[in-house]
Amino acid sequence: MNAREHEIRIRRILVALDASPHSEAALDAAAQLAAQLRAELQGLFVEDVNVLRLAQLPFAREVGFFTTSRRRVETRDLERQLRAQARRVEERMTEIAERDQLRWSFRVARGAIAAELLEASSGVDLVILGRSGWSLRRRRGLGSTARAVVFGAPTLTLVLQEGTCLGLPVLVVYDGSPLADKALAVASVLARFEEGPVTVVLLEDSSEARELRERAVAQLRDQEVRARYLALNRSNVPQLAQLVQAQECGTLVLPAKSVLLEDEALVALLDEIDVPTLFVR
């Protein structure tokens, strides 16, 4: 496979922004990639229309965090809070973009968060978002918005959480499919930026092990990256999760469709790992 057939061009990056620590991590990663790729960075803050509708219900009440007192939720107060959050997020994005001398824009939309992100994703090359939105409870698995974007976005999608960093080691799952060839090309780009190796996790049956490795070696030959290869049985999702979790900090690159990672298996994997994960379509 000629590497040029999977040349990766990322000109526009969309980052989903809110008040959560996961969103801060997403913004940092987005700025890093925008600087490396000389791409335009687009920030999107969505005022959740479902929360605003909930506030209009006659029984909606707000409970004080320290006093546990209850009072009626006022739509005007909630809208004011959302505007204040958007201003803080825009200020932070301005600071980062000016520091890194990025081409950038920021806008606020009102609607269902997942629907707004999916609509915006059709006009960019990469979507970056946090694993979950703002919550008093630290959650490990994917939030509902992240799941919707992971399964529905038509473009590359990067999901990460607070405390993780986009960097080495870069691991890529490879099953020999055309989409896996593209994932391998994306992984090699990330590895070159960090000046490190790429670990290729071969999903194989014993009968095809040599052929699969030869295909991966041929594709990486002109990419100027060092590679190491690990074999994994196609049905072994738990072993893949253990392999990923063994990395203190790194990036996992996955073809969005794989014989190993059907929808239910993919969700199970993502609920177990906490490294930045890039889905390739």
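Small disclaimer: the values here were computed from a predicted structure and weren't measured.

Engineer: Got a minute to help me understand the sheet that holds strand β7 (residues 156-160) in this structure?
Structural biologist: Each strand in a sheet pairs with another by means of backbone hydrogen bonds, the pair being arranged parallel or else antiparallel. Across the sheet, ten strands lie side by side as β5-β2-β1-β6-β7-β12-β11-β8-β9-β10; this open sheet has mixed pairing. Two strands bound the open sheet, and with one partner strand each, they are β5 (104-111) and β10 (227-233). In this sheet, adjacent strand axes meet at a mean angle of 20 degrees when their direction is disregarded. Bridging between strand β8 (residues 170-174) and strand β9 (residues 198-204) involves five bridges; their strand directions are parallel. Its bridge partner being in β9, Leu-171 is matched across the sheet by Thr-199. Seen against the sheet, helix α8 (residues 237-245) touches β8, β9, β10 and β11 (251-255) and runs at an angle of roughly 150 degrees to β10.

Engineer: What am I meant to see in the nonpolar core here?
Structural biologist: As a rule of thumb, soluble globular proteins bury nonpolar side chains together. Formed by 49 residues in total, the largest nonpolar core has its most connected members in Ile-13, Leu-41, Leu-126, Ile-128, Leu-158, Val-200 and Val-253. At eight residues, the largest contribution of residues to this core is made by helix α1 (residues 21-37). Those residues in contact with Leu-158, other than ones at most four positions away along the chain, are Ala-29, Leu-33, Leu-126, Val-127, Ile-128, Leu-129, Leu-166, Pro-276, Thr-277 and Leu-278. Core analysis: the next-biggest nonpolar cluster, separate from the first, contains 34 residues, Ala-153, Leu-240, Leu-270 and Val-275 among them.

Definitions and cut-offs
The residue count restarts for each chain, going from 1 along the sequence in the order it is written. Local features are withheld for residues below a pLDDT of 70 in this predicted model, meaning they are given only at 70 or higher, and side-chain atom pairs are given and counted only at 80 or more; totals for whole chains, interfaces and linings count all residues. The basis for the side-chain values is all heavy atoms of the structure; hydrogens and waters are excluded. Each pair of strands is called paired provided DSSP finds at least two bridges between the two strands. Under the DSSP-based scheme used, a helix requires at least four consecutive residues in state H or I and a strand at least two consecutive residues in state E, with every element numbered from the N terminus. Whenever a helix is involved, its axis is fitted only over the stretch in contact; in every case the axis is a line through C-alpha atoms, and angles between N-to-C directions fall within 0 to 180 degrees. Contacts are assigned to residue pairs with any non-hydrogen atoms lying within 4.5 Å of each other. We define a nonpolar core as any set of buried Ala, Val, Leu, Ile, Met, Phe, Trp, Tyr and Cys residues linked to one another through side-chain atoms lying within 4.5 Å. Burial here depends on accessible area, computed with a 1.4 Å probe over protein chains only, as a share of the maximum for the residue type. Under 20% is buried, over 50% is exposed, and the range in between is partly exposed.

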